[in-house]
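Summary of structural features
One-letter residues, chain by chain:
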Amino acid sequence: DDMRLLRPRILAVVANEADDPEAIAQAKNLALAWLDDHKAVAPDMVEVVLTTAARHGDRELFDRMRAAAKQEKDENFRGDLLFSLGLFPDPEIIKLAMPIVLTDEFDNRESLGILFGVSQLPKTRDLAYDFIKQNWDALVAKLPTDTGSFVPFAAAGYCDTAHRQDVETFFQGRSTKYTGGPRILTQVLEGIDLCVAYKKAQEPSATEFLQQYANAH
């Protein structure tokens, strides 16, 4: 059981942090196989296989995942597919993915996962945040009841004081008018503050270590 639980985490690190070509290729092949037959991949590996393939995927894979999400009956698998649509590295693909949230193509509570996917990667995070700011009224109009309170989580990956201030300014009075909104915004801002403090504390020693490593090699 321990090995089974550890396997998806290891694949994510090797493929997405170390950019190991073999691990990436394996994830892509498994994702394609799963799209054809769900029995091809163990259920506890599906999420990491799909998200890893998307992180290194192209427009053809994006189109296949989008079509598969429309047909998928399992709520968890559909959520994995929609989240993965926001992980493609090509900004042009991301610009196709984000407007899906404003349509009726999927349940909007689920398609919101696309924006959270886009916000995961530093390369595309600003695209998600800018999209939210530019389309706030249309976005929350599509979301049921108090779902708008969760949208600030899309800005939780920032780690600088400028974005921290902007996030607070934008969401204050917007997401905070929904039930749970004030608490969620406070959590997001606290997370950014902690990241800023951690970076400030660790950056000098990390820089020194890397300089010594570079000089030694």
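Here's what I pulled together on the structure shown here. (Residues numbered from 1 in each chain as written. Predicted model: local features only at pLDDT ≥ 70, side-chain atom pairs only at ≥ 80, totals over all residues. Heavy atoms only, no water.)

Turning to the overall build of the chain, a few remarks are in order. Check the secondary structure of the chain and you find eleven helices and zero strands. In the chain, the order of α-helices and β-strands from amino to carboxyl end is α-α-α-α-α-α-α-α-α-α-α. Its C-alpha atoms give the chain a radius of gyration of 19 Å, within 12% of the compact-globule value 17 Å for 217 residues. Once the C-alpha set of the chain is aligned to its principal axes, its extents read approximately 55 × 45 × 35 Å. At a minimum sequence separation of 6, the contacts of the chain that also span at least 24 residues come to 67%. Working note: accessible area of the chain is about 12,200 Å², and carbon and sulfur atoms make up 52% of it. (Helix = DSSP H or I, 4+ residues; strand = E, 2+ residues; numbered from the N terminus. Rg over C-alpha atoms; globule rule 2.2 N^0.38 Å. Contact = heavy atoms within 4.5 Å. Areas by Shrake-Rupley, 256 points an atom, 1.4 Å probe, with all protein chains shown as cover.)

Moving on: helix α8 (residues 125–134). One full turn of an α-helix is made of 3.6 residues, so residues set three or four places apart face in the same direction. Of all the residues in α8, the buried ones are R125, A128, Y129, F131 and I132. In a view along the axis of α8, the buried residues occupy a sector of 160°, so they form one face of it. On its buried side, α8 packs onto α7 (108–118), α9 (136–142) and α10 (161–171). (Buried < 20%, exposed > 50% of the residue type's maximum accessible area, 1.4 Å probe, protein only. Arc of directions from axis to C-beta.)

Turning our attention to the state of the cysteines. What the rule picks out here adds up to one disulfide. Across the disulfide, C159 is cross-linked to C195 (sulfur-sulfur distance 2.0 Å). Because the sign of the S-S torsion sets the handedness, a value of about -100° for the bond joining C159 and C195 places this disulfide among the left-handed ones. With C159 in the loop between α9 and α10 and C195 in helix α11 (residues 181–216), this pair connects stretches of sequence that are 36 residues apart. (Disulfide = S-S within 2.5 Å.)

Looking now at the pattern of salt bridges. One pass over the structure, following the stated rule, counts 13 salt bridges. Notably, a salt bridge pairs D63 with R59, separated by 3.0 Å at the nearest N-O pair. Here D63 pairs with R59, and both are found in helix α4 (residues 59–71), just four residues apart, close to one helical turn. With relative accessibility at 44%, the residue R59 sits in the partly exposed group. Here the salt bridges do not stand alone but share partners, grouping D1, R4 and D44 into one network. (Salt bridge = Lys/Arg side-chain N within 4 Å of Asp/Glu carboxyl O.)

Core analysis: the biggest nonpolar cluster contains 58 residues, and M65, I132, V167 and F171 have the highest contact counts within it. Looking at this core, the element that brings in the most residues is helix α3 (residues 46–55), giving six residues. When residues no more than four places from it in sequence are discounted, the contact partners of M65 are L50, A53, A54, L81, S84, L85 and F88. (Core = buried A, V, L, I, M, F, W, Y, C linked by side-chain atoms within 4.5 Å.)

It is worth spelling out the side chain of D80 at this point. Relative to the assigned elements, D80 resides in helix α5 (residues 75–85). When near neighbours in sequence (up to four residues on either side) are disregarded, D80 contacts V46, E47 and L50.

Under the counting rule described, the total for this entry stands at nine aromatic pairs. For the pair W34 and F77, a centre-to-centre distance of 5.3 Å together with 85° between the ring planes defines the contact as edge-to-face. Here W34, found in helix α2 (residues 21–36), pairs with F77, found in helix α5; they are 43 residues apart in sequence, far enough to count as distant. For W34, a relative accessible area of 1% gives the class buried. (Phe/Tyr/Trp six-rings, centres within 6.5 Å; stacked < 30°, edge-to-face > 60°.)

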